[in-house]
Amino acid sequence: MKLEISHTTQYTYDAPVSYGLQQVRLTPTSTKHQTVLDWNVSISGGVQELEFQDQYQNQTLLVQAYAGTTEVSVQVSGVVETHSSDGIFGKVYGKAPLWHFCQTTPRTTPGRGIRKLAKHIKAKGDTLSDLHVLSQEILAAAPYGEANTFAGTSAEEALKAGGGVCQDHAQIFVAAARVAGIPARYVSGYLMMDDRIDQDASHAWAEAHIEGLGWVGFDVSNGISPDERYVRIATGLDSRDAAPITGIRRGAMDETMIVSLQIQQ
């Protein structure tokens, strides 16, 4: 399936920025599951200083805001051809060893709720089936959109609030899998919803490493494993590692962010 993507993120400040620096992870790479046919990045209000692969092999741009600007915009667009994989990313490994993906972070530190969910993964059970059950239990315990969360909400906080979005569901999943000793990671990217071209936001899901299969994806929010409607962008231990854009700025000005995203076949 060929997917055409256009994604704009616009930051507006109520006072001029004296210094601003952003890491932009919005460049997909070709794998056996997707082929990047065309991809363009356009920046206004700033300049690209550097392009590199981070510790998780995410293609990353370093963007510096122009001194005195009140608006920075990052637009990406292109065409990616995807190939069905039944949710199995496979035995594809980077520089980070598997044990690295058993570590907790502030956003994935387990509490009582996550430890309870992790009990659905039985020591001598069918790990793949257990993880599908875990996905279902997470969605039941924290239905989509039933609580207000934000970028820095931890997995345990979202679970206690009784709701969340795809970011929260993915972080709850990886936190619970790690409690059970299963390497797990957070994945960011795009999902083409079948009933619309204008999408609400970019997407996130989780992957767990299963013996014999390698990395397997779980989209808790939609109750499925990733298929050819998904485009993979970045991975990491949590949502911060794989966030589309993170950064710092100097000054006490307020910031407004507007996101526009269209995906179509």
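Each remark here, short or long, concerns the structure printed above.
Remember, it's a predicted structure, so these values are computed and weren't measured experimentally.

Visitor: Sorry, what's going on with the overall build of the protein chain here?
Guide: Each helix and strand in the protein chain was counted, giving 4 helices and 14 strands. Taking 265 residues into account, the globule formula puts the C-alpha radius of gyration at 18 Å, and the protein chain, at 18 Å, falls close to it. Each of the three principal axes of the protein chain carries a C-alpha extent, and together these read 60 × 40 × 40 Å. For the protein chain, the proportion of its 265 residues judged to be buried stands at 49%.

Visitor: Is there a simple way to think about the pattern of salt bridges in this case?
Guide: If charged atoms from side chains of opposite charge come close, those side chains can pair. Applying the stated criterion across every chain yields a total of 8 salt bridges. In this structure, the salt-bridge partner of D195 is R196, at a minimum N-O distance of 2.9 Å. When the shortest N-O distance is used, the salt bridge between E207 and R232 registers 2.6 Å. With E207 in strand β10 (residues 203-210) and R232 in strand β12 (residues 230-236), this residue pair connects regions lying 25 residues apart in the sequence.

Visitor: Where do I start with the nonpolar core in this structure?
Guide: One broad rule of soluble globular proteins: the nonpolar side chains tend to lie buried together. If you look at the biggest cluster of nonpolar residues, it comprises 54 residues, and the most contacted ones within it are L131, L134, I172, F173 and Y190. Top contributing element to this core by residue count: helix α4 (residues 166-179), with 8 residues. Those residues in contact with F173 that lie beyond four places of it in its chain are L131, L134, S135, I138, A206, A208, F218 and V220. Counting 5 residues, the second largest nonpolar core, distinct from the first, contains Y56, F101, W215 and L237.

Visitor: Got a minute to help me understand the sheet that holds strand β14 (residues 255-264) in this structure?
Guide: What links the strands of a sheet is backbone hydrogen bonding, and the strands pair in either a parallel or an antiparallel sense. Taken together, 5 strands build an open sheet; the order of strands is β3-β6-β1-β14-β9 and the sheet is antiparallel. Looking at strand neighbours, the two that pair on one side only are β3 (34-44) and β9 (198-199), the edges of this open sheet. The pairing of β9 with β14 spans 2 bridges and is classified as antiparallel. Looking across to β14, one finds that D198 is bridged to Q262.

Rules used in this analysis
- Residues numbered from 1 in each chain as written.
- Predicted model: local features only at pLDDT ≥ 70, side-chain atom pairs only at ≥ 80, totals over all residues.
- Heavy atoms only, no water.
- Helix = DSSP H or I, 4+ residues; strand = E, 2+ residues; numbered from the N terminus.
- Rg over C-alpha atoms; globule rule 2.2 N^0.38 Å.
- Buried < 20%, exposed > 50% of the residue type's maximum accessible area, 1.4 Å probe, protein only.
- Salt bridge = Lys/Arg side-chain N within 4 Å of Asp/Glu carboxyl O.
- Core = buried A, V, L, I, M, F, W, Y, C linked by side-chain atoms within 4.5 Å.
- Contact = heavy atoms within 4.5 Å.
- Pairing = 2+ DSSP bridges.

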